[in-house]
Amino acid sequence: MIQQAPVSSCRRPGGKLRRRRTLVALSFIAPNFIGFALFTLIPVIVAVFMSMTEWSGGSLGNMKWIGLQNYEKLFAVPQRYIDRLENPNFFSILGLFFERVDIGIALKNTVTFTVITVPLTMVFSVALALALNKAVRGAVAFRAIIFFPYVSSTVAICVCWNFMMMKNGPINQLLMLFGSSFNKTWTADSNMAIWAVIIVSVWKSMGYYMVIYLAALQGIPRELYEAATVDGANKWQQFTHVTLPQLSPTTFFVSVMLVIGCFKIYDTVALMTGGGPGRATKMLVTYTIDEFNASKYGSACAIAMVLLVLVLTVTVLQFRMEKKFSAD
Amino acid sequence: MAQTGLSASRPVRRADSVAATVGRIALYVVLICLSAVTLIPFVWMLSSSLKLDREVFEFPIRWIPKVFHWENYSLIWTKAPMLMYFKNTAVVAISVTLIQTMTSSFAAYAFAKLEFRFRDTLFLCYIATIAVPWQAYMIPQFIEFRSIGLYDTLLAIMVLQAFSAFGVFLMRQFYRGIPTDLCEAARIDGLSEYGIWARIMLPLSKSAIATLVIFTFIGTWNDYMGPMIYLTSENVKTVQVGLRRFIQENSSDYHLIMAASMVSLIPVSVVFLTLQRYFIEGIATSGLKG
Amino acid sequence: MKKLLALSLSVIMVLSMVGIAAADDGVVLKVVAWDVNTTTYYAAQKEAFEASHPGITIEYVDVASQDYGTKTSTMLAGDDTSDIFMIKEVTDILNWNKAGYAEPLNAYIERDGYDLSGFVGMESGYAFDGVQAGLPFRSDFWVLFYNKTLFDDAGVAYPTNDMTWEDYKDLAIKMTDASKGVYGCHYHTWLSAVVNWAVCDGVNTLVDGEYDDLAYFYNLYFDLAEAGACMPYPETQAAGLHYSGAFGNGNIAMLPMGYWYVSSLISNIQNGTYEVKDWGITAVPHKEGVPAGASFGNLTGAMINAKSANKDAAWTYVAWLCGPEGAKATASTGNRPAWVSEDVASVMSSVEGFPTDEASKAALLPSMVSIEIPGVDHASEIKTILNEEHSAIITGEIPVDEGILNMNDRVAEVLGK
């Protein structure tokens, strides 16, 4: 049976053969990598360097190396707030950091947003893909419709959702039927604004990831299901023992892309809440762009690096998990 | 559905079919509700595209315009060189899709099925660059592009989009799902790695390639930031940049933006609808086998 | 790692050396601007200038207005050689000057004995430590637009040029008629539309780190919103309601807005897209103790790129554009030039569609105009902070006092106080 076969790799041979294999591998990668290195990787490496400089434009010679000062400035909790604390200790100062300092607030908002949006989107997109993978009548139309938010104008989407989540709007009225007493415009409420962004983001990207899962479902060999049926597996067992494991490379892709996409959330926020009210939905990228617009390029890059470190940490963890899964 | 019931006894089968019918109805209800919500922005776009500017943000929303201003759809062609924008965007989107699909499926094969030093590090580099907000490296990249004479050419957008990490990552993941035994068997049969890629991997990854084509085409078609920074002359601008001429400092012609957005949706929808059959064929064959 | 950095940097350096600089033939001036196709004055300026200056051609480079700052900053950082950059925000020119992109104009002004008197001191908005980094050609101060038809229908006297904010509040409440859906006034979502009035006294600024004076205007807004005299902020913002559509629909009695709205109001009435027919302007109301007719405004101007190969021709154009001749071309399209004189004012009021009453004409000459946000160090960061706290205050998420305390604290932090 195919699924029982060990996933073997082709490592054994040594010396010449290995060198030849490396060359072959490099020849596969080269066409893409050269373009990638030249047009993306090099500028990114320069940005890493820029995060340790002070530069507000002008000739490149104006760049001043200042080491980690940009980072120190970003993470410093202003003394005036510490002085006001009744009982300054590590935890109360940490609290201040997440409540008062721009990067602390942006980190808190971005992580909250990501932690909620990623699982929700994944569950919805898998469910939709499974539902629409069957030959239900109208599957083609449903797929196209659900994919639609991804292609339509973000402006239109944000305008419509803002309308729906307004005071006395349809969503508030619906919720009131279920006993909610909330009747404010979502995007103007410090607690609900982030939920408004989450809902729109999940709704906007589930069709996108549904398509990826649909494609992945096509790649699962039919024999696996047939074998499972012969072994007496029911639907649910087929799902957990065949579908899910077979989807795991795709799930890895989806989870990495989603995590990155969520950490980089910007335009939905800009259009719906503008980062407000106050700083309730200020995100890391919103902050980067503010600094960029103030011509503080070093600081803008430093914020981007904070984002990069966050994403890399999560991605390496995901990578480990992928290795573990595919080794099983 | 049918194949699971084959070995079951009759009464169970009837209970199964009742449950299946109920399930099916529930599924339709959910799908229809979801589609309805999803279509609201589309309807808003459509209705706004037929209104006057000042009516677009009227509150409460008037879903059906008082007067249908069909002339908006002809205005966009005269008020802006939309035809040229469309041509430019098509050139860019098609070439990016071609280059991206070719090079990334090629590279992805190495990342998924070959062993070499620094493979994982290199791959992590690809992913890492997706994570960096563009604003952070926009200036170094701009200086680079300008100095090699790419600034203000369509070529800039092509190279910007065509070698993105996204395609490599997507294809690598699909290739990983293909059993390695197949490659091993082919190697024993004397196929070269290039042969394996062309004869085995490509045919097996049709649905993945369809996905990549859809996403790359749509992504390039709808990209705004890249063309905004790199394209300055009128004769190279793309649709998304061209649309901004309807948004001005102190007023915005949202009715025209929406009309042009509706038109701009056509090519994207055509691509999606043509390629989505690759997500269906599998079903048809499995149905036959059952 | 270090090697890698050095390598990447050197790649960029080498590439930038082999780069080809665009060769200009010295007669075509590239002018980077926004909304070129829809802003009426660009064409008028180009036509008038080229007619009187054979040998110099103006070629506009159009940039989307929303992203003007981002794109121009990137262009300039990437050694763009376009000759002239239009200045949209004062913070732009501040940063450009700091980065050395702006050609200082002092020497040109001195050489030609260029007359600055018509700017009545406004050119100082673009002067940083004595360096004149650009010159203004347009100056938009804020006025009060009102819908004459609504006032006539209600039998209420029109607003006047010497109203106080208290008078304005009473009038707005009086004009409100919920049964007809008429609002007494309308506030756009910007900070400047709600509280920037505090700088009209010429003493306060938005960059000094003291924001206690904004409380008066926030309270004024909340009084009006509570009385139902204006649409509440959360709704305006969520609905994406634009002030032009709001006033254009004809159910807003009064709208404080920048002078730029005049030209689009006129053209939209002429082509029949607006419901509002008969309108007028007055000076914005004033606070007790501040002279009537005092307003605030902002400048639009031009900068010569230090990397331009045609600096002399560029100066010829900028000098013309910002001076009396250019001012007439700008005024002929219903816009308010930075250079003001009797001639220019008469050009402005004789634009077809401009209200014919004397009060509206008088409103064209404000007694005093303060700068909305002066271009000082950290101005863009301060603007971000003020906008963030503004959105928290005006949605009622935090009390006015707390929001103002936050503004004071955060700006003090930026200023290093």
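Residues numbered from 1 in each chain as written. Chains lettered and ligands numbered in written order. Predicted model: local features only at pLDDT ≥ 70, side-chain atom pairs only at ≥ 80, totals over all residues.

## Details of the overall build of chain C
Basically, it comes down to this: Under the scheme used here, helices are H or I runs from DSSP no shorter than 4 residues and strands are E runs no shorter than 2 residues, and both carry numbers assigned from the N terminus. Here the globule rule is a power law, 2.2 Å times the number of residues to the power 0.38, and the radius of gyration is based on C-alpha atoms. Each residue is classed by its C-beta neighbour count within 10 Å, where at least 20 other C-beta atoms makes it buried, 12 or fewer makes it exposed, and intermediate counts make it partly exposed; the C-beta atoms are placed from backbone geometry. What counts as a contact here is a pair of residues whose C-beta atoms, placed from the backbone, lie within 7 Å.
When helices and strands are tallied, chain C shows 18 helices and 11 strands. Relative to a compact globule of 417 residues, whose C-alpha radius of gyration would be 22 Å, chain C shows 23 Å and is just as compact. Taking the principal axes of its C-alpha atoms as reference, chain C extends roughly 70 × 55 × 35 Å. Here chain C holds 417 residues, and the buried ones make up 53% of them. Considering only contacts within chain C whose residues lie at least 6 apart along the sequence, 77% involve residues at least 24 apart.

## Digging into the overall build of chain B
Looking only at helices and strands, chain B features 15 helices and zero strands. Out of the 290 residues in chain B, the part that is buried amounts to 49%. If you take every contact in chain B between residues at least 6 apart in sequence, the share linking residues at least 24 apart comes to 74%.

## Describing the interface of chain B and chain C
Quick note on the threshold: Asp, Glu, Lys and Arg are counted as charged, while Ala, Val, Leu, Ile, Met, Phe, Trp, Tyr, Cys and Pro are counted as nonpolar; the rest, among them Gly, fall into the polar class.
Each partner contributes to the interface: chain B provides 27 residues, whereas chain C provides 33 residues. Contributions of two or more residues to the side of chain B that touches chain C are made by α6 (134–147) and α12 (225–230) of chain B. Examining the composition of the side of chain B that touches chain C, we find that eight residues originate from one element, α6(B), more than from any other. Per-class residue counts for the side of chain B that touches chain C are 13 nonpolar, seven polar and seven charged.

## Examining the interface of chain B and chain A
Often, the extent of an interface is quoted as the loss of accessible area upon association of its parts. Across the contact, 77 residues belong to chain B and 79 residues belong to chain A. With 11 residues, helix α2 (residues 10–48) of chain B is the largest single contributor of residues to the side of chain B that touches chain A. Looking at the side of chain B that touches chain A residue by residue, the classes come out as 49 nonpolar, 20 polar and eight charged.

## Comments concerning the domain arrangement of chain B
The line we're drawing: The start and end points of each domain follow an automatic or database-based domain assignment.
Its domain assignment divides chain B into domain 1 (2–69) and domain 2 (80–246). Taken over C-alpha atoms, the centre of domain 1 of chain B sits 34 Å from the centre of domain 2 of chain B.

## Thoughts on the environment of C:Pro291
Structurally, C:Pro291 can be placed in the loop between β9 (279–283) and β10 (294–304). The sequence separation of C:Pro291 and C:Phe145 amounts to 146 residues, and the corresponding C-alpha distance is 20 Å.

## So, helix α7 (residues 165–175) of chain C
Residue and element names in this part refer to chain C. Heads up, the rule is: Relevant arc is that of directions from the helix axis to the C-beta atoms, nothing else.
Regarding α7, the residues found buried are Tyr 168, Lys 169, Leu 171, Ala 172 and Met 175. End-on, the buried residues of α7 take up no more than an arc of 170°, which puts them together on one face. Packing partners of the buried residues in α7 comprise α6 (148–154), β7 (183–185), α9 (214–226) and β8 (252–258).

## Side note on unusual backbone geometry
The phi angle at B:Phe118 is positive, at roughly 65°, despite the residue not being glycine. Looking at B:Phe118, the number of C-beta atoms within 10 Å reads 10, which means it is exposed. In the Ramachandran plot, C:His378 falls in the positive-phi region, its phi being about 70° despite a non-glycine side chain. Checked against the element boundaries, C:His378 lands in the loop between β11 (368–371) and α17 (379–394).

## Remarks on the domain arrangement of chain C
Residue and element names in this part refer to chain C. Assigned domains within chain C: domain 1 (25–140 + 297–362) and domain 2 (141–296 + 369–415). For domain 1 and domain 2, the distance between their C-alpha centroids amounts to 27 Å. Counting residues per element, the ones that place at least two in the side of domain 1 that touches domain 2 are α4 (90–99), β6 (135–147), β10 and α16 (358–362). By residue number, the principal contributor to the side of domain 1 that touches domain 2 is α4, which donates four residues. For the side of domain 1 that touches domain 2, the per-class residue count stands at nine nonpolar, 11 polar and three charged.

## Points about the confidence of the model for chain C
All names here are of chain C. Under the convention used in this document: The predictor reports its confidence for every residue as pLDDT, a score running from 0 up to 100.
Residue-level pLDDT values for chain C average 87, and 94% of them are 70 or greater. Element-level mean pLDDT values for chain C span from 53 in helix α1 (residues 2–18) up to 96 in strand β3 (residues 84–87). Confidence drops under pLDDT 50 across residues 15–24; counting only partners more than four residues distant or on other chains, this segment forms 15 contacts. Quick note on the complex model: pTM equals 0.87, ipTM equals 0.86.

## Comments concerning the environment of B:Thr97
Its location among the elements puts B:Thr97 in helix α4 (residues 82–113). Once you skip the residues sitting within four places of it in the chain, B:Thr97 turns out to touch B:Val213, B:Thr216, B:Phe217 and B:Thr220.

## Details of the pairing of β8(C)
Residues and elements named next belong to chain C. Here is the rule: At least two DSSP bridges between two strands are needed for those strands to be called paired.
The buried count for β8 comes to seven of seven residues, which makes it a mostly enclosed element. Relative to β8, β6 runs antiparallel, the two sharing five bridges. By the bridge assignment, Val 143 is partnered in β8 with Met 257.

## Concerning the confidence of the model for chain B
Residue and element names in this part refer to chain B. Model confidence for chain B is summarised by a mean pLDDT of 83, while 90% of its residues fall at 70 or above. Here helix α15 (residues 281–289) is the element of chain B with the lowest mean pLDDT, 37, and α4 is the one with the highest, 92. Counting interchain partners and residues more than four positions distant, the pLDDT-below-50 stretch residues 1–10 has 10 contacts. Across residues 282–290, confidence stays below pLDDT 50; counting only partners more than four residues off in sequence or on other chains, it has eight contacts.

## Examining the pairing of β6(C)
All names here are of chain C. Counting buried positions over the 13 residues of β6 gives 13, a clear majority of the element. Alignment of β6 against β10, held across six bridges, turns out to be antiparallel. Each bridged residue has a counterpart across the sheet, and for Phe 141 the counterpart in β10 is Gly 297. As paired strands, β6 and β9 are joined by five bridges and run antiparallel to one another. What sits directly across from Val 143, in β9, is Ala 283.

## With respect to the packing of helix α10 (residues 222–230) of chain A against helix α11 (residues 235–263) of chain A
Residue and element names in this part refer to chain A. The line we're drawing: To get an axis, a line is fitted to the C-alpha atoms, and for a helix only the part in contact is used. The angle between two axes follows their N-to-C directions and goes from 0 to 180 degrees. These descriptions rest on fixed angle ranges, namely under 35 degrees for roughly parallel, over 145 for roughly antiparallel, 65 to 115 for roughly perpendicular, and the rest for oblique. If you view the pair so one helix is near and one far, a crossing is left-handed when the near helix is turned anticlockwise from the far one by less than a right angle, and right-handed when it is turned clockwise.
In contact at an axis separation of 10 Å, α10 and α11 are set at 160° when each is read in the N-to-C sense. On the basis of the axis angle, α10 is roughly antiparallel to α11. α11 is crossed by α10, and the crossing has right-handed handedness. Contacts between α10 and α11 involve Leu 224, Tyr 225 and Ala 228 on the former and, on the latter, Gln 238, His 241, Val 242 and Gln 246. Counted by class, the contact of α10 with α11 contains four nonpolar, three polar and no charged residues.

## Thoughts on helix α2 (residues 40–52) of chain C
All names here are of chain C. When α2 is considered as a whole, its buried residues turn out to be Tyr 41, Tyr 42, Gln 45 and Phe 49. Down the axis of α2, the smallest arc covering the buried residues is 105°, so these residues share one side. Exposed and facing more than 90 degrees away from the buried side of α2 are Glu 47 and Ala 51. Here the buried face of α2 lies against β1 (28–34), β2 (57–63), α13 (311–322) and α14 (324–331).

## Digging into the packing of helix α1 (residues 15–50) of chain A against α4(B)
Helix packing for two helices is described by the angle between their axes and how far apart those axes are. Between α1(A) and α4(B), whose axes approach to 8 Å, the crossing angle comes to 145°. The chirality of how α1(A) crosses α4(B) is left-handed. Residues A:Ala25, A:Phe28, A:Ile29, A:Pro31, A:Asn32 and A:Phe33 of α1(A) pack against B:Thr103, B:Ser104, B:Phe106, B:Ala107, B:Tyr109 and B:Ala110 of α4(B).

## Re the environment of B:Ser269
Checked against the element boundaries, B:Ser269 lands in helix α14 (residues 254–275). Along the primary structure B:Ser269 and B:Leu75 are separated by 194 residues, whereas in three dimensions their C-alpha atoms are 23 Å apart.

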